[in-house]
Amino acid sequence: MKQTSQRRKIIGVVWIIITIVVACYQFLPQFLPRCYASSTVQRTFIENDDFEILWQVPDVYIAPSQRAIHLVANEEHVVFWGRLDYRCGNPNPMNLNAIDGSVFRRGVRFLPSNLGIYHTAYNSNFLYLGYDGPGKALEGTTASAGGIAAYEINSGEISWTRQISGTRGISSLVASENIVAFDGGGFSDWRYLINSQTGEIVAKQNKREFHKLDLVISPSNFAYWYTNLAINEEVIPQDTNLQVLTFWSEKFDNVFQPPLSTDSALLVRKGEGTILGTVVALHPETGMPLWQTNQNVISNVAAADSTAFFLTDSAELVAYDIESGKQIGSVKFSGEDILPESDRGYFVAAGGGNVFVYLGDGRQLFALRFLSSQ
């Protein structure tokens, strides 16, 4: 009898240990500093007549993502979500001077936990960071809820944060100059429109009734097209003086980023994350395809004025005229073709006539001037 009792105690202790180990394996990494793999490649800019190099910064660790664009820029600043100089530590918004690459501001941690940024959107003033909550979210309370933080690009500060009750995480996020639209995701029944400047909720839409209200239809793994329409007065009071982003969606293959709106086309990058894809241009009012690239695109697509930029797996930055769909420039970086890896990010941003390229295999950030635009 004593042996049986001791055996049961031992089995009980073993199960307790196993439970603790499993719990630590599942949840402890969320609260530990993250480390990025060291660079394995060092690439150099190969000069040509299309681009000139302005500066480059080594040892840049930008968090990879299957959904989010972690590099944005305007005329004065370049912002990325990651680390600088040190490969261990939780990612934060890092702000560099777009003219010379010097550090403008090192970001501060603002998330309720060390959970990652899984969706982003941006306009000329803000980078919007969609984050998951640390636990189960319940209606009527913001405890453990996910939300959105608005990072002001020029000041380098978090302008506002908005947790949404009942929302565990953000499943889609898009932005215009006036409105941020997002899907509560998971078991949430709601999609939201919020003021891009203040974070105030302008309207929300029940997903079950999306066929009645053409406000936000943006499911994951779909491609999008949209146009800016007049305000739906049944949902949003006219005195808000805000434009509503209205979306139509159709199955089109997985997409890496929210649709990128330009004057003449809506640009969609097919393929998730580092999965090789293509760039498709759609008519902004009808959604009809205008042109499509045939390169293996490994980055997001960025645009400035009438030019689109993206990075291919041959370590080549390519420039396309958005209206005609013709290639108007390119530049190679030294080294072998890029091999897609889950712990590497490849991003492109454009602003102020400059193009910024992040090569994750070398952990390098390049600033280039597109000469054909002058």
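Definitions and cut-offs
- Residues numbered from 1 in each chain as written.
- Predicted model: local features only at pLDDT ≥ 70, side-chain atom pairs only at ≥ 80, totals over all residues.
- Heavy atoms only, no water.
- Helix = DSSP H or I, 4+ residues; strand = E, 2+ residues; numbered from the N terminus.
- Buried < 20%, exposed > 50% of the residue type's maximum accessible area, 1.4 Å probe, protein only.
- Contact = heavy atoms within 4.5 Å.
- Areas by Shrake-Rupley, 256 points an atom, 1.4 Å probe, with all protein chains shown as cover.
- Pairing = 2+ DSSP bridges.
- Phe/Tyr/Trp six-rings, centres within 6.5 Å; stacked < 30°, edge-to-face > 60°.

Teacher, can you tell me more about the overall build of the chain here?
For the chain, the helix and strand inventory stands at one helix and 27 strands. Counting only residues that meet the buried cut, the chain has 51% of its 374 residues in that class. Contacts in the chain between residues at least 24 apart in sequence constitute 51% of all its contacts with a sequence separation of at least 6. Looking at the chain as shown, the accessible area adds up to about 17600 Å², and 51% of this sits on carbon and sulfur atoms.

What is the right way to look at the sheet that holds strand β20 (residues 289–292) in this model?
Within a sheet, each strand pairs with its neighbour through backbone hydrogen bonds, oriented either parallel or antiparallel. The four strands are arranged β17-β18-β19-β20 in an open sheet whose pairing can be described as antiparallel. In the strand order of this sheet, the two ends are held by β17 (260–261) and β20, each with one partner. In terms of strand pairing, strand β19 (residues 279–282) meets β20 through three bridges, oriented antiparallel. Across the sheet, residue L282 finds its bridge partner in β20, namely P289.

Can you help me understand the packing of aromatic side chains in this one?
Geometry of an aromatic ring pair is reported as the spacing of the ring centres plus the angle between the planes. Taken as a whole, this structure holds eleven aromatic pairs when the rule is applied. The interplanar angle of 35° and the centroid separation of 5.0 Å between the aromatic rings of F51 and F370 together place this pair among those described as tilted. On the criterion of sequence distance, the pair formed by F51 in strand β1 (residues 51–57) and F370 in strand β27 (residues 364–370) is long-range, its members being 319 residues apart. For the pair F51 and F370, one class covers both residues: buried. Considering the side-chain rings of F310 and Y320, the 5.6 Å spacing of their centres and the 35° angle between planes classify their relative orientation as tilted. Of this pair, F310 sits in strand β22 (residues 307–311) while Y320 sits in strand β23 (residues 316–321), placing them ten residues apart in sequence. Y320 gets classed as buried once you look at its relative accessible area, which sits at 7%. Through a chain of ring-to-ring contacts, three or more aromatic side chains come together here, namely F45, F333 and F366.

Shape descriptors only; they carry no functional weight alone.
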